[in-house]
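Here are the chains, one letter per residue:
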Amino acid sequence: MKTTQTIKNKKFLRILAIETSCDETSAAIAEIKNLSSNNLDINIISNIVSSQIKLHAKYGGVFPELASREHVKNILPVIEECLNSQAIKKTNLFDSIDYIAVTQGPGLIGSLLVGVEAAKTLSFVFNKPLIPVHHVAGHIYANFINSLPDSSNIYPQFPLIALVVSGGHTSLIYMKNHFHFEVIGETLDDAAGEAYDKVASMLGLSYPGGPVIDNIASKYKSSKADKTIKQTANLFPRPLLNQNNFNFSFSGLKTSVLYFLKKQNKPFKKSLVSQVCFEFQEAVTDVLIIKTLKAAKKYHVSSIIVCGGVSANRRLRDKFQEKVTRYNKKNNINIYLHFPARSLSTDNAAMIAAAASYQILAGKTHTWYNINANANQSLSSMH
Ligand code: KG4
Ligand code: ZN
């Protein structure tokens, strides 16, 4: 096994990463440079994502058994497509790949098993070290990828707060350094992305609801609000906003949308649907941003990272930037706000390669025989 020092002396290293924790089969190759520094230069050479969205749309959510069968079908073609990418076509891949990385957990066990077993097989056959990655760490480390056109050109600075908002997670995580994850708040019920998906389904919109609500809400103008709704204040509540902790709850918000819709005539008018999308999104983004800023203040952080599928949301991005800029000005400080490149917000293997690269730098490599999929893996196992 390579020591950290020999790695630091190398010009670059290449990682083949695999992600199959939910309903995306993904493989990526990353070339890591600047190995002697603490800020790695992570270049994504290839990042293939095969989404199962169409398959699950008719069920309004991910159907676990179907997801794992689909991963079995897709895993090798996706890896093959990734390996055939232009940049590495002429070289012998297994002379140039140094590490295999894979999402170990958390996620759907049937889905995880497909990626983990594929990665273990490659690691065994080609005698490459295996790097097991926590899915949420992957989302966080997507913010350390600096090679995509819309990625941030400033590295996240420690200490930092990471807001992880996806279909399965809504957490605030304090990191005083690489891989020191302290979960300071979590959702008590639904995840933010799950609330987006459920509200979209109540409105008769397609799955996944996040991008659909994002689009409809961005076109909403209050002058075109539904005339039958007398709105004097916020239409929906901001759950747990004034509580003295960093937890979230989105199930009550979802229920309040449901009760509101029960009072409306069906089929819902277009103007009503766009007003509900807008108002729901304002409620979710207010809670996410205000709670994160409170945490940033308490923990005196230098950076805020936002990641996970919901971090693709344009309103969340714009509103967050506005609020952080105002907060910095008012307090005469400079907290950096980081979002991943939009293509890396939702599940992908490039983010797994990014987390793996910092694990390698810290000397955390393994051989295939002690790695198993873990549906309930906790972040503290990464320390
Ligand atoms: O990170 P991700 O791909 O998978 C999980 O780990 O859960 O996140 C998927 C979630 C879905 O709930 C989806 O509706 C939401 O991210 N999402 C969005 C947007 N794009 C995806 N939510 C709000 N706005 C978006 N633009
Ligand atoms: Zn995810």
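Our structure's up above, just so we're on the same page.
What comes next concerns the included structure. For clarity, every value in this text was computed on a predicted model and none was experimentally measured. (Residues numbered from 1 in each chain as written. Chains lettered and ligands numbered in written order. Predicted model: local features only at pLDDT ≥ 70, side-chain atom pairs only at ≥ 80, totals over all residues. Heavy atoms only, no water.)

1. Examining the overall build of the protein chain
On a plain count of helices and strands, the protein chain comes out with twelve helices and ten strands. For a compact globule of 383 residues, the expected C-alpha radius of gyration is about 21 Å, and the protein chain comes in at 21 Å, within 12% of that figure. Overall, the C-alpha framework of the protein chain stretches about 65 × 50 × 35 Å when taken along its three principal axes. Taken across its 383 residues, the protein chain has 55% of its residues classed as buried. Restricting the contact set of the protein chain to residue pairs at least 6 apart, pairs at least 24 apart contribute 74%. (Helix = DSSP H or I, 4+ residues; strand = E, 2+ residues; numbered from the N terminus. Rg over C-alpha atoms; globule rule 2.2 N^0.38 Å. Buried < 20%, exposed > 50% of the residue type's maximum accessible area, 1.4 Å probe, protein only. Contact = heavy atoms within 4.5 Å.)

2. Quick notes on the site of ligand 1
Neighbouring ligand 1 are 18 residues; Gly167, Asp197, Asp214, Asn313 and Asp347 lie closest to it. Gly167 is positioned with one of its backbone polar atoms (N or O) 2.8 Å from an oxygen atom of ligand 1. The separation between an oxygen atom of ligand 1 and a polar main-chain atom of Asp347 is 3.0 Å. Out of a free accessible area of 550 Å², ligand 1 has 90% covered by protein chains. (Near = heavy atom within 4 Å. Polar contact = N/O pair within 3.5 Å; in protein donor to acceptor, adjacent residues only side chain to side chain. Areas by Shrake-Rupley, 256 points an atom, 1.4 Å probe, with all protein chains shown as cover.)

3. Side note on the sheet that holds strand β9 (residues 303-307)
Ordered in space as β8-β7-β6-β9-β10, the five strands form an open sheet in which the pairing is mixed. Each end of this open sheet is capped by a strand with a single partner; those strands are β8 (181-186) and β10 (336-338). Direction aside, the axes of adjacent strands within the sheet are offset by 20° on average. Relative to β9, strand β6 (residues 160-165) runs parallel, the two sharing five bridges. Looking at β9, one finds that Leu163 is bridged to Val306. Its contacts with the sheet place helix α10 (residues 270-298) against β6, β7 (170-175), β8 and β9, and it is angled at close to 155° to β6. (Pairing = 2+ DSSP bridges. Axes fitted to C-alpha atoms, helices over the stretch in contact; angles between N-to-C directions.)

4. What to know about unusual backbone geometry
With an omega dihedral of -5°, the bond running from Phe158 to Pro159 counts as a cis peptide bond. Among the structural elements, Pro159 can be located in the loop between α6 (135-141) and β6. That bond from Tyr207 to Pro208 is cis: its omega, -5°, falls within 30 degrees of zero. Its place among the elements puts Pro208 in the loop between α7 (192-202) and α8 (209-218).

5. Quick look at the nonpolar core
Formed by 48 residues in total, the largest nonpolar core has its most connected members in Phe280, Ile304, Val306 and Phe320. If you list the elements that add at least two residues to this core, you get β6, β7, α7, α8, α9 (251-262), α10, β9 and α11 (314-331). Top contributing element to this core by residue count: α10, with 13 residues. Once you skip the residues sitting within four places of it in the chain, Ile304 turns out to touch Ile161, Thr292, Leu293, Ala296, Phe320, Val324, Ile335, Tyr336, Leu337 and His338. Core analysis: the second largest hydrophobic core is formed by 47 residues, Ala137, Tyr141, Val164 and Leu344 among them. (Core = buried A, V, L, I, M, F, W, Y, C linked by side-chain atoms within 4.5 Å.)

6. Concerning the environment of Val301
Along the polypeptide, Val301 turns up in the loop between α10 and β9. Of the residues examined, Val301 reaches a relative accessible area of 7% and is grouped as buried. For the pair Val301 and Gln157, spaced 144 residues apart in sequence, the C-alpha separation works out to 8.3 Å. Sequence-distant contacts of Val301, defined by excluding residues within four places in its chain, comprise Pro159, Leu160, Ile161, Tyr174, Ala296 and Ile335.

7. What about the pairing of β6?
Across the six residues of β6, six count as buried, placing the element largely inside the fold. Residues Leu160, Ala162 and Val164 line one face of β6 and the alternating positions Ile161, Leu163 and Val165 line the opposite face, and both faces are buried. Turn length for the β6-β7 hairpin, with the two strands adjacent in sequence and antiparallel, is four residues.

8. Considering the packing of α7 against α8
Running from N to C, α7 and α8 cross one another at 70°; their axes reach a closest spacing of 7 Å. In terms of axis orientation, α7 runs roughly perpendicular to α8. Between α7 and α8 the crossing geometry is left-handed. For the pair α7 and α8, the contacting residues are Tyr196, Asp197, Val199 and Ala200 in the first and Gly209, Gly210 and Ile213 in the second. (Parallel < 35°, antiparallel > 145°, perpendicular 65-115°, else oblique. Left-handed = near helix turned anticlockwise from the far one by under 90°.)

9. A short note on the coordination of the zinc ion (ligand 2)
Donor atoms from the polypeptide that bind the zinc ion (ligand 2) are His135 (NE2), His139 (NE2) and Asp347 (OD), placed at 2.1 Å. When the donor residues of the zinc ion (ligand 2) are listed from N- to C-terminus, their spacing reads H-x3-H-x207-D. Placement of the pair is His135 in helix α6 and Asp347 in the loop between β10 and α12 (350-361), with a sequence separation of 212 residues. An identical accessibility class is assigned to His135 and Asp347; each is buried. (Donors = N, O, S within 2.8 Å, 3.2 Å for Na, K, Ca; no water.)

10. A word on α11
In a regular helix each residue adds 1.5 Å, so 18 residues correspond to 26 Å; α11 covers 26 Å between its end C-alpha atoms and thus fits that length. The set of residues buried in α11 consists of Leu316, Arg317, Lys319, Phe320, Val324, Tyr327 and Asn328. Those residues of α11 hidden inside the fold are in contact with β6, α10, β9 and β10. Of the residues flanking the start of α11, the one acting as N-cap is Asn313, its side-chain oxygen 3.1 Å from the backbone nitrogen of Arg315. Positive phi shows up at Asn332, right after α11, with a value of about 50°. (Expected span 1.5 Å × (residues − 1).)

Scope: geometric values only; no functional claims are made or implied.
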